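# Chains, contacts and geometry: an overview
Spelled out from the first residue to the last, the chains are:
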Amino acid sequence: QRTVPSWLAVYSEEGDVGPLSALSVDDGFALAGRPVPGGAPPPLQAAGLVSEVLRSGGVVVAGAPEMGRAPAHGLVLARLVSPPLSQELGEALRESDNTALELMTKELGRSETGHGTTAAGTAAVRADLAADGLSTAGLVNVDGSGLSRLDRVSCDLLVGVLQRSGPHGVLSRDLPVAGESGTLAHEMIGTPAYGRVEAKTGTLLGVKALSGWVLPTAARPGAGPGLAQPVAFSALFNDLAVTGPAPAARVDAVAEDIARYPRAPALASFEPGLSRPGATGGTRRVVAVVRERAPTG
């Protein structure tokens, strides 16, 4: 299964996610050229590209590229050992690599059930959350990247996942950093959140999300009071008007206000279900969950 049925065609057209395959080059977008047809599956494209690389290095390659299982008597020409999964996960989250996250989901399904499918992987995710006592009420995860518009998740669950990992755990330690790296490299520069917000972004048409951590204020003489512990937060905005304020500015404002503590809006402004005027004259429900991590040690 190269795609998820509920994905929009534009995702592939814009390069948001490639055709899913255990063997591909450049997320499945790289084409080998003749004699491999343009519509051939990613493994066949990969075989064609490898053939060309070998030929360019002076290796004689006989026959046309084929797709199938490697023969048991085949000669190993080269071997590439993958980095640890934790490192791969960090890179995928930092750069919001949809294809990588989808393939990790399939691999999770294969590892847990023997079936390398998206459905098996998403079921394993739900089972893991439930086993840790996190409420999955209202959770709909039909894919591994969040690209499907059928997906549903609450701020409360996202904060629970973050707190389970902790601010320096495998899930959190390689998140994008405001103004410095990944999908937040150009966000929140010149604000108190710069270098202190580590969070995963999420963007669809009319949807913007940001979930992660605001780190404590650095201790400086005369700096005054500030956050003493890391704070987990999650902000999800739906049905955003295309003509309204920049979507990123909405979620960035949540992280920036937390980073300004104690100079921040009243706590009531973060209460779930708060209604704010909408761009079209109606109201929009703003949902954000913010919690301070309990001191340890």
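Residues numbered from 1 in each chain as written. Predicted model: local features only at pLDDT ≥ 70, side-chain atom pairs only at ≥ 80, totals over all residues. Heavy atoms only, no water.

### Regarding the confidence of the model for the protein
For clarity, the cut-off: One number per residue, pLDDT, summarises how confident the predictor is, and it ranges from 0 to 100. By the criteria applied, helices consist of DSSP H or I runs no shorter than four residues and strands consist of E runs no shorter than two, each listed in order from the N terminus. Contact definition: two residues touch when any of their heavy atoms are within 4.5 Å.
Taken over all residues, the pLDDT of the protein has a mean of 87, while the share at 70 or more is 85%. Per-element averaging of pLDDT across the protein places strand E4 (residues 274–277) at the bottom with 46 and helix H5 (residues 118–131) at the top with 97. Within the model, pLDDT remains below 50 along residues 274–287, and this stretch shows 32 contacts once partners closer than five positions in the same chain are excluded. Note that residues 292–297 has pLDDT below 50 and, in this model, 10 contacts with residues that lie over four places away or in other chains.

### Overview of the nonpolar core
Keep this limit in mind: In these notes, a set of buried Ala, Val, Leu, Ile, Met, Phe, Trp, Tyr and Cys residues joined through side-chain atoms within 4.5 Å is what counts as a nonpolar core. The buried label goes to any residue with under 20% of its type's maximum accessible area, the exposed label to any with over 50%, and the partly exposed label to all in between, with areas taken from a 1.4 Å probe on protein chains only.
Within the largest apolar cluster, 19 residues are counted, with the highest numbers of intra-cluster contacts made by Met 188, Val 197, Leu 210, Val 214, Phe 233 and Ile 258. Elements that contribute at least two residues to this core include exactly strand E1 (197–204), strand E2 (207–214), strand E3 (231–237) and helix H7 (247–259). Residue contributions to this core peak at five residues, all from H7. Look past the residues within four positions of Met 188 in its chain and what remains in contact with it is Ala 178, Ala 193, Tyr 194, Val 197, Leu 210, Asp 252, Ala 255 and Glu 256. Residues Val 4, Trp 7, Val 17 and Leu 204 belong to the second largest nonpolar core, which totals seven residues.

### Let's talk about helix H3 (residues 85–95)
How we decide: The arc refers to the directions leading from the helix axis to the C-beta atoms.
Residues of H3 that are buried: Gly 90, Ala 92 and Leu 93. What you see down the axis of H3 is that its buried residues fit within an arc of 165°, all on one side. Elements that come into contact with the buried residues of H3 comprise helix H4 (98–113) and E1. A positive backbone phi angle near 55° is found at Ser 96, which sits one or two residues after H3.

### Topic: the side chain of Arg 196
Let me state the cut-off plainly: When charges are counted, neither His nor the chain ends are considered; positive counts come from Lys and Arg and negative counts from Asp and Glu. In what follows, salt bridge is the name for a side-chain nitrogen of Lys or Arg lying within 4 Å of a carboxyl oxygen of Asp or Glu. Between N or O atoms, a polar contact is any pair within 3.5 Å; within protein, one atom must be a potential hydrogen donor and the other a potential acceptor, and residues adjacent in sequence are included only when both atoms are from side chains.
Structurally, Arg 196 is set in the loop between helix H6 (155–165) and E1. Within the buried core, Arg 196 has no salt-bridge partner, and the shortest N-O distance to an opposite charge, that of Glu 198, equals 9.8 Å. A polar contact is formed between the side chain of Arg 196 and the backbone oxygen of Ala 259, at a distance of 3.0 Å. For Arg 196, the residues in contact, after removing those within four places along its chain, are Trp 213, Val 214, Leu 215, Pro 216, Thr 217, Leu 227 and Ala 259.

### Focus on the side chain of Lys 208
Examined against the element boundaries, Lys 208 turns out to sit in strand E2. Polar contacts involving the side chain of Lys 208 include one to the side chain of Thr 203, which spans 2.6 Å. Residues in contact with Lys 208, not counting those within four places in the same chain, are Gly 202, Thr 203, Ala 235, Leu 236, Phe 237, Leu 240, Pro 247, Ala 248 and Val 251.

### Notes on the environment of Glu 102
As for its placement among the helices and strands, Glu 102 is situated in helix H4. Assessed through its relative accessible area of 0%, Glu 102 is described here as buried. C-alpha separation for the pair Glu 102 and Val 17, spaced 85 residues apart in sequence, amounts to 8.9 Å. Non-local contacts of Glu 102, meaning those with residues more than four positions away in its chain, are made with Val 4, Trp 7, Leu 20, Thr 118, Asp 143, Gly 144 and Ser 145.

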